[in-house]
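Observations on the model geometry
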Amino acid sequence: MLRLNVTYDLLPRESEILHLKFWATAFEQLKERKAIYLETEGKNSGCWVMPGSAFSDFKEDEDSKVIVRSNGTVTYVGKDIAYQLWKFGLLGKDFYYRRFDNPAGYELWVTTDQPVEEKAPPFGHGSHVYNVIDSRQSYLQDVVIAGLKALGYEKQAAASVHFSYEMVALTPGTCIDLGIELSDEDKRRAYVEVSGRKGLGVKADDLIDTLIAKALEEVESRHPESEAAVNQKVAVHIAIGALRFFMLKFTRNSVIAFDMREALSFEGETGPYIQYAAVRAGNIWRKLAERGERVPDFAAELDAAAMGRQLADEGCWQLLLQASHMDVAISRAITSGEPAHVAKYAFQLAQAFNTFYHEYPVLAEENQEKKVFLLWMTQYFRQQLELTLGVLGITVPQYM
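In this text, all values refer to a predicted model and were calculated from it rather than measured experimentally.

**Brief notes about the overall build of the protein chain**
Assigned secondary structure in the protein chain consists of 17 helices and 11 strands. The C-alpha atoms of the protein chain give 27 Å as radius of gyration, which overshoots the globular expectation for 400 residues (21 Å, by more than 25%). Each principal axis of the C-alpha atoms in the protein chain carries an extent, and together these give about 90 × 55 × 50 Å. Of all 400 residues assigned to the protein chain, the portion counted as buried reaches 44%.

**Comments concerning the packing of aromatic side chains**
Scanning all chains against the criterion turns up 20 aromatic pairs. Here Trp23 and Phe27 contribute two aromatic rings whose centre-to-centre distance is 5.2 Å and whose plane-to-plane angle is 20°, an arrangement assigned as stacked. Linking Trp23 with Phe27, this pair stays in helix H2 (residues 22-32), spanning 4 residues, or about one helical turn. What makes Phe27 buried here is its relative accessible area of 13%. Pairing Trp86 with Phe95 gives two aromatic rings, centres 5.0 Å apart and planes at 70°, and the pair type is edge-to-face. Residue Phe95 is classed as buried on the basis of its relative accessible area of 4%.

**Regarding empty space enclosed by the protein**
A full pass over the atoms with the stated rule returns 1 cavity of 30 Å³ or more. Around the largest cavity, the lining residues are Leu170, Cys175, Ile180, Val192, Glu193, Val194, Leu200 and Gly201. Here the lining of the largest cavity is built from residues that sort into 6 nonpolar, 1 polar and 1 charged.

**Some thoughts on the sheet that holds strand E4 (residues 65-68)**
Taken together, the 3 strands give an open sheet; going across it, the order is E2-E3-E4, and neighbouring strands pair in antiparallel fashion. The two strands at the open ends of the sheet, each matched to only one other strand, are strand E2 (37-38) and E4. In terms of strand pairing, strand E3 (residues 48-50) meets E4 through 3 bridges, oriented antiparallel. Bridging from a neighbouring strand, Met50 pairs with Lys65 of E4. Packing against the sheet, helix H3 (residues 76-87) makes contact with E3 and E4, and its axis sits at approximately 70° to E4. Against the sheet, helix H4 (residues 138-150) makes contact with E3 and E4, and its axis sits at roughly 65° relative to E4, the strand it touches most.

**What about the sheet that holds strand E1 (residues 10-11)?**
Read across the sheet, 3 strands follow the order E1-E6-E5 without closing on themselves; strand pairing throughout is mixed. Each edge of the sheet is formed by a strand with only one pairing partner; in this case those strands are E1 and strand E5 (96-99). Judged from the 4 bridges that link them, E5 and strand E6 (residues 109-112) form a sheet pairing that is antiparallel. Note on E6: the bridge partner recorded for Arg99 is Trp109.

**Description of the pattern of salt bridges**
It is possible for side chains of opposite charge to pair when their charged atoms get near one another. Within the structure shown, the criterion is met by 20 salt bridges. As a salt-bridge pair, Arg189 and Glu185 come within 2.9 Å of each other at their nearest N and O atoms. Overall, Arg189 belongs to the partly exposed group, its relative accessible area being 39%. Lys344 serves as the salt-bridge partner of Glu269, at 3.3 Å between the closest nitrogen and oxygen. Of the two residues, Glu269 is situated in the loop between helix H10 (260-264) and helix H11 (271-290) and Lys344 in helix H16 (residues 340-359); the sequence distance between them amounts to 75 residues. In this structure Glu269 comes out as partly exposed when scored by relative accessible area, which is 22%. Lys344 gets classed as partly exposed once you look at its relative accessible area, which sits at 38%. Salt bridges sharing common partners tie together Arg3, Asp205 and Asp209.

**Re the nonpolar core**
Membership of the largest hydrophobic core comes to 43 residues, with the highest contact counts inside it found for Phe245, Ile274, Phe353, Phe356, Met377, Phe381 and Leu385. When residues of this core are assigned to their parent elements, the largest contribution, 10 residues, is made by H16. Leaving out residues up to four positions away in the same chain, Phe245 has contacts with Glu269, Thr270, Gly271, Ile274, Ala343, Ala346, Phe347, Leu392 and Ile394. Core analysis: the next-biggest nonpolar cluster, separate from the first, contains 39 residues, Met50, Phe88, Leu91 and Leu148 among them.

What counts and how
- Residues numbered from 1 in each chain as written.
- Predicted model: local features only at pLDDT ≥ 70, side-chain atom pairs only at ≥ 80, totals over all residues.
- Heavy atoms only, no water.
- Helix = DSSP H or I, 4+ residues; strand = E, 2+ residues; numbered from the N terminus.
- Rg over C-alpha atoms; globule rule 2.2 N^0.38 Å.
- Buried < 20%, exposed > 50% of the residue type's maximum accessible area, 1.4 Å probe, protein only.
- Phe/Tyr/Trp six-rings, centres within 6.5 Å; stacked < 30°, edge-to-face > 60°.
- 1 Å grid on protein atoms, 1.4 Å probe; cavity = no way out; pocket = protein on both sides within 12 Å on 5 of 7 lines; lining within 4 Å.
- Points joined across faces, edges and corners; volume = space filled by probe spheres on them.
- Nonpolar A, V, L, I, M, F, W, Y, C, P; charged D, E, K, R; others polar.
- Pairing = 2+ DSSP bridges.
- Contact = heavy atoms within 4.5 Å.
- Axes fitted to C-alpha atoms, helices over the stretch in contact; angles between N-to-C directions.
- Salt bridge = Lys/Arg side-chain N within 4 Å of Asp/Glu carboxyl O.
- Core = buried A, V, L, I, M, F, W, Y, C linked by side-chain atoms within 4.5 Å.

Put into structure tokens, the structure is as follows:
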């Protein structure tokens, strides 16, 4: 995950939920509130169950959900109820915590069932909880929320968000690139479902390694004169950007059929396309410095009158307007729970800059006021591109 620019504050371990009696505490609360009952007949005889009416909106779906099996072992959903109570600070119990060493050296903690002298930051006690679990777990998440309601925690139940997503699959071409053997039938499919039982899948590190290797081939073909270490670093940024953007550009109810070649393409709705736009914007400033030209003092040289004259150009005005929508895109993403809004804006922003790049030759502009304005536009585009890519967790490479 660190290779994908993903970091954590805490690594909670499932074993501690049992060792520290989290479930036992939740179990007693559930029994006391009569949120669960001991089934005495039928297929669930001897099990502690939650009635279907507690978590189903459908009258015909009244199958009870087993929380504790007849042999006394707790199901996943039972442990999840206890864990959800801890996340909101409602359980009355807490983990112990110790520092967890990691290659990046940032502060990271891991749960433990043994007392530790070192004082950890406060964890849990959330106001809202987002459980990132695929859509096939919707039923079990409904049961978890029903458990909170049954215990009288209506506010926390309403603040429990199942941040669901659809299945992630692989295109047949990507399977072949990764060395996964396919049947003739699977080769004809639009995508191949990842299946542990069938041996169809790929380890994250193997996928990242393959993406980096393919990105490096492209970088070396474009920059054979560059140092190998620098080309490698650029290839890593491109590969990680490609993977992150591909996973984020789809809405959460869409099946993601990951295609390696499409993800790494420098054209189309891809991470490298947006990275390329940001690099292009930076190159204008680099060339300005190489020519020995000064960086303008925008505040002094572009007063209100000058800005008014330049923005009379409808083309510039529309491009600037389009580039200014980052905050709107982020707000939409937060409100709807759809990161795809930010990814879509990033692509549209890159398109807008490329239109600007081709229609307005910044460094060749002879009118000084217009040139200063175009340099200001370039700087604005660059800032917006870098900020948006930063929100998506994507780095701008040194070159493309």
